[in-house]
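Architecture and fold: a report
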Amino acid sequence: MTLPGHRAVAGVTRGQRWWRWIPLLSVAAIGIALTVVAYGAGKRSDLQMAVKTLDLRAEWRARDFEQKLLLTAESAEALAVFMSAEQPLTAPRFHRFARLAHDKDDLDSAIYWSPWVPAAERASFVSAARAELGVDYDVREISPDNRFVPAAARDGYLPMLYEETFDQVPGIAGFDLLFRPDRRAEVERVRDGGKPLATVPFGLLMGGRRVPGFLVMWPVYGTDQAPQSVEARRAAFRGIVTARFRLDRFLPGSIADTPPIIERIDIAIGTPGAPVRPAASYDPAAKTFSYGDIPSPPDDALALQREFTGLGQHWLLTSYFYPAAVRALEPNSRWTRPLFSLLITTALCVYLWRAALRLGRAESTGLSNAIRLQAVMDNSVDGLITIDERGIVTGFSRPSERLFGYAAADVVGQNVRMLMPEPDRSAHDRYISNFLTTGDAKIIGKGREVVAQRRDGTTFPMDLAVGEIPNLEGRREFVGTVRDISERKRAEAAQAALSERFRRLFDDNPIGM
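Residues numbered from 1 in each chain as written. Predicted model: local features only at pLDDT ≥ 70, side-chain atom pairs only at ≥ 80, totals over all residues. Heavy atoms only, no water.

Observations regarding the overall build of the protein chain
Counted only if it meets this: Numbering of helices and strands starts at the N terminus; helices are DSSP runs of H or I of at least 4 residues and strands are runs of E of at least 2. The cut-offs for exposure are 20% and 50% of the maximum accessible area for each residue type, with area from a 1.4 Å probe on protein chains only; residues under the lower value are buried, those over the upper are exposed, and the others partly exposed. Note on contacts: a residue pair is in contact if any heavy atoms of the two residues lie within 4.5 Å.
Tallying secondary structure elements over the protein chain gives 15 helices and 20 strands in all. Here the protein chain, with 513 residues, has 45% of them falling under the buried criterion. Summarising the internal contacts of the protein chain: among those between residues at least 6 apart in sequence, 62% fall at separations of at least 24.

Structure (structure tokens):
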């Protein structure tokens, strides 16, 4: 049996392994180019050469920070996918999956689930939560004197129900995300947009004190994929999975195991289209971050800015290189410049080489997890088949092998229409194309009875349910659950024949009944 997506995962790992080395090769190529330029332009300004080197450093730092920011949201994404499919959800299952989704290198300090609770269901929700979690549970908000009190009446609530902490500082059970107007606006943006969103930094109330941080919110719907329209998303909305990030944990973790930082780095965040707000500043002398009141930037420093948009927010990184740092990079001869450039390039290449190796180990871990999941799916009662957007089979479980008479190796890589008799065989690719182009689902997201064809050419009735598999990489995959209903159909036919026999017996009885 091949795990749905297992061969695809393995194929992607083998076929796209080269991309991990692009940053290394890019930095190496840039470094070599800078060395050649430095040798050929030995009489040029030493300051110009230093600025180019520092610009490369600032660019790398910004791209490294952007990548780590996006990776931190993966545990929330995995939990959101789990929540959309898990019914009913219990605290033990939440905590078990949250721990599995959280990697030891992840920088989030907690992850929690806040279900949507209409006002009319508040009392029953609180009663059920108290029965499961404890008698002190309630939907809460913050009073003007900073006390947690029962939430005021409103049209609905998003109270924290389950939480898994990774910094030993729990949040406030039952705290309503919709309490603050600005947070409510962010929740509505996440709900209506169907995409994750990072909040702008604010003071997280933890252990009786305010800690600078931000949240990453991921929407959860009662469907296997985000609905197409805003109205449909609002109707299917189930709640929010939130990852909590403390700046005093996230920012130091984001620069760990990186080349030494010689520059001051100011980080500002804001909503796209609006001014950014200072969030933190790194002091290279003290080797620490400061938050809140950011000191004024130095007037004599070289400022290099990099910006990007990630998790729905605009991020601006400004690197300030002090004159001493710039002078230290200025070569004194045409040989000093290329040698120093090679040293910088080598240091960056070594780091990126180590990063590529770590990423390779992470991919191997992901594949190992996929293999473990395969064992679960191989023991499913029903057959499972996965296909890509071209209709090519990417996964074929053992129950499917027994059902159709094919080995997985004979089916994976082939078009799924080989399992269908005419006329469905000829029309299947058109069904997929129509769904991808128009969004009009004939089978996708629905269950129906169909006729399937075994390897020996015989046909049999089958229950088929098809759903789309969420995928952040832009690929679209579908999973089908199949069940042979031949015995049920024979039983129905026998029942119908018996009923017809009795009907004729009664009709032919001269006495009448």
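Next comes the rest of the account.
Observations regarding the packing of helix H3 (residues 46-72) against helix H9 (residues 247-255)
The axes of two packed helices give the description: the angle between them and the distance between them. Definition in use: Note on geometry: axes are C-alpha line fits, over the in-contact stretch for helices, and angles between N-to-C directions span 0 to 180 degrees. Working rule for angles: under 35 degrees goes down as roughly parallel, over 145 as roughly antiparallel, 65 to 115 as roughly perpendicular, anything else as oblique. Each crossing is labelled by how the near helix is turned from the far one, with a counterclockwise turn of less than a right angle marking it left-handed and a clockwise turn marking it right-handed. Gly falls in the polar group here, along with every residue not listed as nonpolar (Ala, Val, Leu, Ile, Met, Phe, Trp, Tyr, Cys, Pro) or charged (Asp, Glu, Lys, Arg).
At a closest axis distance of 10 Å, the pairing of H3 and H9 adopts a crossing angle of 125 degrees. Taken as axis vectors, H3 and H9 run oblique relative to one another. By crossing handedness, the relation of H3 to H9 is classed as right-handed. In contact with Arg61, Asp64, Phe65, Lys68, Leu69 and Thr72 of H3, H9 contributes Phe250, Leu251, Ser254 and Ile255. Split into classes, the residues belonging to the contact of H3 with H9 amount to five nonpolar, two polar and three charged.

A short note on the sheet that holds strand E12 (residues 277-283)
To be explicit about the condition: Strands pair, by our definition, only if DSSP identifies at least two bridges between them.
The strand order across the open sheet built from five strands is E13-E12-E11-E15-E14, with neighbouring strands paired in antiparallel fashion. With one partner strand each, in any of the chains shown, strand E13 (288-291) and strand E14 (302-310) form the two edges of the open sheet. The mean inter-strand angle of the sheet, taken between neighbouring strand axes irrespective of direction, is 20 degrees. Pairing analysis gives nine bridges linking E14 to strand E15 (residues 313-321), with the strands arranged antiparallel.

Overview of the environment of Ile387
Mapped onto the elements, Ile387 comes out in strand E16 (residues 383-388). Put simply, Ile387 and Phe478 are 91 residues apart on the chain and 5.4 Å apart in space, counted from C-alpha to C-alpha.

Quick look at the sheet that holds strand E18 (residues 447-453)
With antiparallel pairing, five strands are arranged side by side in an open sheet as E17-E16-E20-E19-E18. Looking at which strands have only one partner, the edges of the open sheet turn out to be strand E17 (393-396) and E18. With direction set aside, neighbouring strand axes in the sheet form an average angle of 30 degrees. Across six bridges, E16 lies against strand E20 (residues 477-484) in antiparallel orientation. Paired with Leu384 across the two strands is Thr481, which belongs to E20.

Quick look at the nonpolar core
For clarity, the cut-off: Only buried residues count toward a nonpolar core, which is a set of Ala, Val, Leu, Ile, Met, Phe, Trp, Tyr and Cys residues joined through side-chain atoms within 4.5 Å.
By size, the foremost hydrophobic cluster in this structure holds 51 residues, and its most contacted members are Met83, Trp113, Phe214, Val241, Ile267 and Trp315. Per element, the largest residue contribution to this core is five residues, and it comes from helix H4 (residues 74-85). Dropping the residues within four chain positions of it, Trp113 is found in contact with Met83, Leu89, Phe94, Pro159, Met160, Leu161, Tyr162, Val220, Arg238, Gly239, Ile240 and Val241.

Structural notes on the packing of H4 against helix H5 (residues 91-101)
Axis separation between H4 and H5 bottoms out at 9 Å; the angle between their running directions is 145 degrees. Read as a crossing pair, H4 and H5 show a hand that is right-handed. On H5, the residues that touch Ser75, Ala78, Leu79, Phe82 and Met83 of H4 are Arg93, Phe94, Phe97, Ala98 and Ala101. Here the contact of H4 with H5 is built from residues that sort into eight nonpolar, one polar and one charged.

Points about a nonpolar patch on the surface
Selection criterion: Surface patches are drawn from residues lacking salt bridges whose relative accessible area is over 30%; two like charges belong together within 9 Å, two nonpolar side chains (Val, Leu, Ile, Met, Phe, Trp, Tyr) within 5 Å. Surface accessibility follows the Shrake-Rupley procedure with a 1.4 Å probe radius. Residue values consider only the protein chains on display as shielding. We define a salt bridge as a contact between a side-chain nitrogen of Lys or Arg and a carboxyl oxygen of Asp or Glu at a distance within 4 Å.
Residues Leu498, Phe502, Leu505 and Phe506 make up a contiguous nonpolar surface patch of roughly 380 Å² in combined accessible area. With respect to the element layout, Phe502 can be found in helix H15 (residues 486-508).

Topic: the confidence of the model for the protein chain
Low pLDDT marks stretches whose predicted atomic positions should not be read closely. This is how it is decided: The quantity called pLDDT is the predictor's confidence in a given residue, expressed from 0 to 100.
On average, residues of the protein chain carry a pLDDT of 81, and 81% of them reach 70 or more. By mean pLDDT, helix H1 (residues 6-15) is the weakest element of the protein chain at 44, and strand E2 (residues 117-118) is the strongest at 96. Counting interchain partners and residues more than four positions distant, the pLDDT-below-50 stretch residues 1-16 has 43 contacts.

A word on the pattern of salt bridges
Tallied over the entire structure, the rule returns 32 salt bridges. Residue Lys489 is joined to Glu449 by a salt bridge in which the shortest nitrogen-to-oxygen separation is 2.7 Å. Of this pair, Lys489 sits in helix H15 while Glu449 sits in strand E18; the two residues are 40 residues apart in sequence, bridging distant segments of the chain. Judged by its relative accessible area of 29%, Lys489 is partly exposed. Salt bridges here are not isolated pairs; linked through shared partners, they connect Asp55, Glu59, Arg63, Glu66 and Arg306.

A short note on the pairing of E15
Within E15, nine of the nine residues are buried, which leaves it mostly tucked inside the rest of the structure. Alternating positions in E15 separate into two faces, Gln313, Trp315, Leu317, Ser319 and Phe321 on one and His314, Leu316, Thr318 and Tyr320 on the other, with burial throughout. Bridging between strand E11 (residues 264-270) and E15 involves seven bridges; their strand directions are antiparallel. Following the sheet pairing, Arg264 is matched in E15 by Tyr320. Linking two consecutive strands that pair antiparallel, namely E14 and E15, is a turn of two residues; a positive phi of about 55 degrees is found at Leu311 within it.

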